[in-house]
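Here is what each chain is made of, one letter per residue.
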Protein chains: 6
Amino acid sequence: MSSPAFSHLDADGTARMVDVSAKPVQRRIAKAEGFIACSTETIQALRDQKIPKGDVLTVARIAAIQAAKKTDDLIPLCHGLPLDQIDLDFEIQESGVAIRATSITSAKTGVEMESLTAVSVAALTIYDMCKAVDKAMVIGSIRVTEKIKE
Amino acid sequence: MSSPAFSHLDADGTARMVDVSAKPVQRRIAKAEGFIACSTETIQALRDQKIPKGDVLTVARIAAIQAAKKTDDLIPLCHGLPLDQIDLDFEIQESGVAIRATSITSAKTGVEMESLTAVSVAALTIYDMCKAVDKAMVIGSIRVTEKIKE
Amino acid sequence: MSSPAFSHLDADGTARMVDVSAKPVQRRIAKAEGFIACSTETIQALRDQKIPKGDVLTVARIAAIQAAKKTDDLIPLCHGLPLDQIDLDFEIQESGVAIRATSITSAKTGVEMESLTAVSVAALTIYDMCKAVDKAMVIGSIRVTEKIKE
Amino acid sequence: MSSPAFSHLDADGTARMVDVSAKPVQRRIAKAEGFIACSTETIQALRDQKIPKGDVLTVARIAAIQAAKKTDDLIPLCHGLPLDQIDLDFEIQESGVAIRATSITSAKTGVEMESLTAVSVAALTIYDMCKAVDKAMVIGSIRVTEKIKE
Amino acid sequence: MSSPAFSHLDADGTARMVDVSAKPVQRRIAKAEGFIACSTETIQALRDQKIPKGDVLTVARIAAIQAAKKTDDLIPLCHGLPLDQIDLDFEIQESGVAIRATSITSAKTGVEMESLTAVSVAALTIYDMCKAVDKAMVIGSIRVTEKIKE
Amino acid sequence: MSSPAFSHLDADGTARMVDVSAKPVQRRIAKAEGFIACSTETIQALRDQKIPKGDVLTVARIAAIQAAKKTDDLIPLCHGLPLDQIDLDFEIQESGVAIRATSITSAKTGVEMESLTAVSVAALTIYDMCKAVDKAMVIGSIRVTEKIKE
């Protein structure tokens, strides 16, 4: 495998931003997911208490949306692009919370990093809000599940 | 478990920032780790090519340091605090890259969110730089490994 | 009134970002205004002293332009969009300063939040610069005055 | 009134940042309030619908906390300072929503601009989330209500 | 020369953002360069030590790319625009490091400020990383070398 | 000269943030200067037109203060620190504008990067505001002139 296979690296291995100026503007969608494993007590607390649960997940949702909008400030070689929508979905399961994000743009480059960033920051925010009661949470299974170009 | 157990929630479940004004300034250290699983080809490419490897990990390191410094902008209820140091360590293994972060502060509150954020953004940056050659990477095992208050 | 009437809320009341991917890019203009009430002495000082007045309003103007450009970082469910222009106008009156902002974009969504943000931050900046001499200022009457879609 | 009375202006009227290096670090609290006037229908919708209401105010709360933390990025001559706490309180009244913010710091300078910024951005966020159903909202009565130095 | 010749100033000299809403979206390229003068020892250290050199310049490159993307946050009257690419080139010479940047966009306004900002921040980053061993570095010769509109 | 002489590089040349946790908080001052060379016409325009001149330099001053406050966001290995003051001084000379900045902090590390950043961004802002009438400006002579630790 030759070095140029890494699209962010020059032939001599130097980090670079990909030139997208010749690419067409297209509608692009990317979905990502992740999971934060919590103790049974944390899950029970999230399930029982209507308002706190709403608030924990609402705060995580807002944090994720805000982070997705600044993906290009977090990931050095990402291009800035206008998000048409970023949507978050949470599912409280037996052993943790499943997080899914969908990003949509009309741009010259894809949005999988936006969805992955949204999922990651949502998980970090849940961690932050539950860490006083649960010291053993683990964030994982963060991956892209779908990528569409129309 | 009563709602106040969530330190970021009021008795009625409303999200709030914890008041740390009565807490003493102490030297605090927090370590976190994570892992990004890559294909054998990606690992081989990272291992073989001296400069690209250096660059991928250097870019990830810089992105992680920059993200740790803006943790309070990413995680809504985190306090801003001055980092004395944030250090990243990468280990290229058989099936992926292990990422470890150590944050140090002299502040009224701990820095585990800073270390977790650094690990997460380092993993996202590696993902971004390898995604042209590897579509199946998974980020996981992100957790706090040590927390010290001196 | 059913819940979906709130465009930022799902049918079940969850906060969400509106999907604008199907909307056409159009030239959009929005105007907003506001007022900061000051003491007679503050108004007199702003009127008499040529350079300070210039500077107070220039600083407020720059702060407002900068804030308008980061509206989507301040208002969680706002879309990022490229501003073609943001213009501020100040009028020193008997009992305070009237502030007017006009934002222009070519985008899929309107710019009233950009103009409202510009007016708000202009008022906050005037407050900050005059607060050493005037402890009783009040910011108000912030509203959209015109919205055009071409 | 001589020009130096404006603490942010030099003797010749040039904008400047106040030198606080000789001031002691003290615990400082500042409270501010504001009001967003809405139609009866908007108030009824906020009152009737449990989850949307919760979400509108939670989103406004998070936006306000995040904005307070970046006050020095919004108001050019403000000093950056570590917030020990920023707390928001909302009261749905007959003709609108009353917003109150309390900021606490241990720093060399006060936090009234942080509380005023929090109130302003909370109001702007409510405006953004209700503007699809209410075109005539007005934000006002934004002022400092208390300032304490311990 | 009349005042309107300054495109960022009104007829009466007030700072303003230029209205670009009537300008066409075009592919625009701008190149800039600069130089940081270092001691012979610093140059020798950069030349001899393979990994440090790589790292110093990689960190400078990343910092420059990140700064170029936030040019409109740094330069008050700049418009935000989507960068298709920003590329940095470093040349270690006898008495210092030459820095060149190329920015490409498809937008209504040019990108010379993006390239100048990239060069400036690259130089500042090299300064920061070498300042422990070299107290007499000087940054200079920062200028636009080419501007293309297609 | 061995690699550790670069304080931002490990023994093996890896970029790192210096650990300042054992350093005392001290009052620290750093001064920097720079110069933007302009055409005679630009200087004459800046000299003759009272308000535009005021405005160009006021905008540059505000941009510089704002940039100094976010130095740690621009220069990757810089620590965040609270600025007690950042002051800018401009002198219109025969062939250009001399820019001087003074930064003051009470922190564990120095502020020369803050002063250098302020000078650089002030020069970039002047460039931006004069570029419509002067295509040949050059920014240079940016250096630290004084560093004090009390």
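Residues numbered from 1 in each chain as written. Chains lettered and ligands numbered in written order. Predicted model: local features only at pLDDT ≥ 70, side-chain atom pairs only at ≥ 80, totals over all residues. Heavy atoms only, no water.

Chain A is annotated in an unreviewed UniProt entry as Cyclic pyranopterin monophosphate synthase MoaC from Luteolibacter pohnpeiensis. What the UniProt record of chain A gives under Pathway (unreviewed entry) is the line "Cofactor biosynthesis; molybdopterin biosynthesis." Here chain A is described in UniProt, under the heading Function (unreviewed entry), as follows: "Catalyzes the conversion of (8S)-3',8-cyclo-7,8-dihydroguanosine 5'-triphosphate to cyclic pyranopterin monophosphate (cPMP)." (UniProt positions renumbered as here; feature names shortened; annotations may be inferred.)

(A) Structural view of the environment of serine 39 of chain C. Residues and elements named next belong to chain C. Examined against the element boundaries, serine 39 turns out to sit in the loop between strand E1 (26-37) and helix H1 (40-48). Taking the relative accessible area as the measure of exposure, serine 39 reaches 22% and is therefore partly exposed. Serine 39 sits 109 residues away from isoleucine 148 along the chain, and the two C-alpha atoms are 35 Å apart. At 3.0 Å, the side chain of serine 39 and the side chain of threonine 42 are in polar contact. (Helix = DSSP H or I, 4+ residues; strand = E, 2+ residues; numbered from the N terminus. Buried < 20%, exposed > 50% of the residue type's maximum accessible area, 1.4 Å probe, protein only. Polar contact = N/O pair within 3.5 Å; in protein donor to acceptor, adjacent residues only side chain to side chain.)

(B) Molecular detail of the packing of helix H4 (residues 112-130) of chain E against helix H4 (residues 112-130) of chain F. Running from N to C, H4 of chain E and H4 of chain F point in directions that differ by 165°, and their axes come no closer than 11 Å. Taken together, H4 of chain E and H4 of chain F sit at an angle that is classed as roughly antiparallel. The handedness of the crossing between H4 of chain E and H4 of chain F is right-handed. Facing H4 of chain E, whose interface residues are Met113, Leu116, Thr117, Ser120, Leu124, Tyr127 and Asp128 of chain E, H4 of chain F presents Met113, Leu116, Thr117, Ser120, Leu124, Tyr127 and Asp128 of chain F. Tallied by class, the residues present in the contact of H4 of chain E with H4 of chain F amount to 8 nonpolar, 4 polar and 2 charged. (Axes fitted to C-alpha atoms, helices over the stretch in contact; angles between N-to-C directions. Parallel < 35°, antiparallel > 145°, perpendicular 65-115°, else oblique. Left-handed = near helix turned anticlockwise from the far one by under 90°. Contact = heavy atoms within 4.5 Å. Nonpolar A, V, L, I, M, F, W, Y, C, P; charged D, E, K, R; others polar.)

(C) Summary view of the interface of chain F and chain C. Of the residues lining the interface, 5 residues belong to chain F; the matching set on chain C comes to 5 residues. Together chain F and chain C conceal approximately 430 Å² of surface at their shared face, both sides included; 66% is due to carbon and sulfur atoms. For the pair chain F and chain C, the number of links is 0 salt bridges. At the surface where chain F touches chain C, the tally comes to 2 residue pairs in polar contact (both at pLDDT 80 or more). For the side of chain F that touches chain C, the residue count by class is 2 nonpolar, 1 polar and 2 charged. (Buried area = accessible area lost by both parts, 1.4 Å probe. Salt bridge = Lys/Arg side-chain N within 4 Å of Asp/Glu carboxyl O.)

(D) Looking closely at helix H4 (residues 112-130) of chain B. Helix length check: H4 of chain B (19 residues) gives 27 Å between terminal C-alpha atoms against 27 Å at 1.5 Å per residue, within 8%. Counting buried positions over the 19 residues of H4 of chain B gives 19, a clear majority of the element. (Expected span 1.5 Å × (residues − 1).)

(E) Quick peek at the relation of the copies chain F and chain C. For these two chains of identical sequence, chain F goes onto chain C by a turn of 180° and a shift of 0.0 Å along the axis, with RMSD 0.0 Å. Accordingly, the operation relating the two chain copies is best matched by a two-fold axis. Mapped onto chain C, 100% of the interface residues of chain F again fall at the interface, so both copies present the same surface. (Least-squares fit on C-alpha atoms with pLDDT ≥ 70 in both.)

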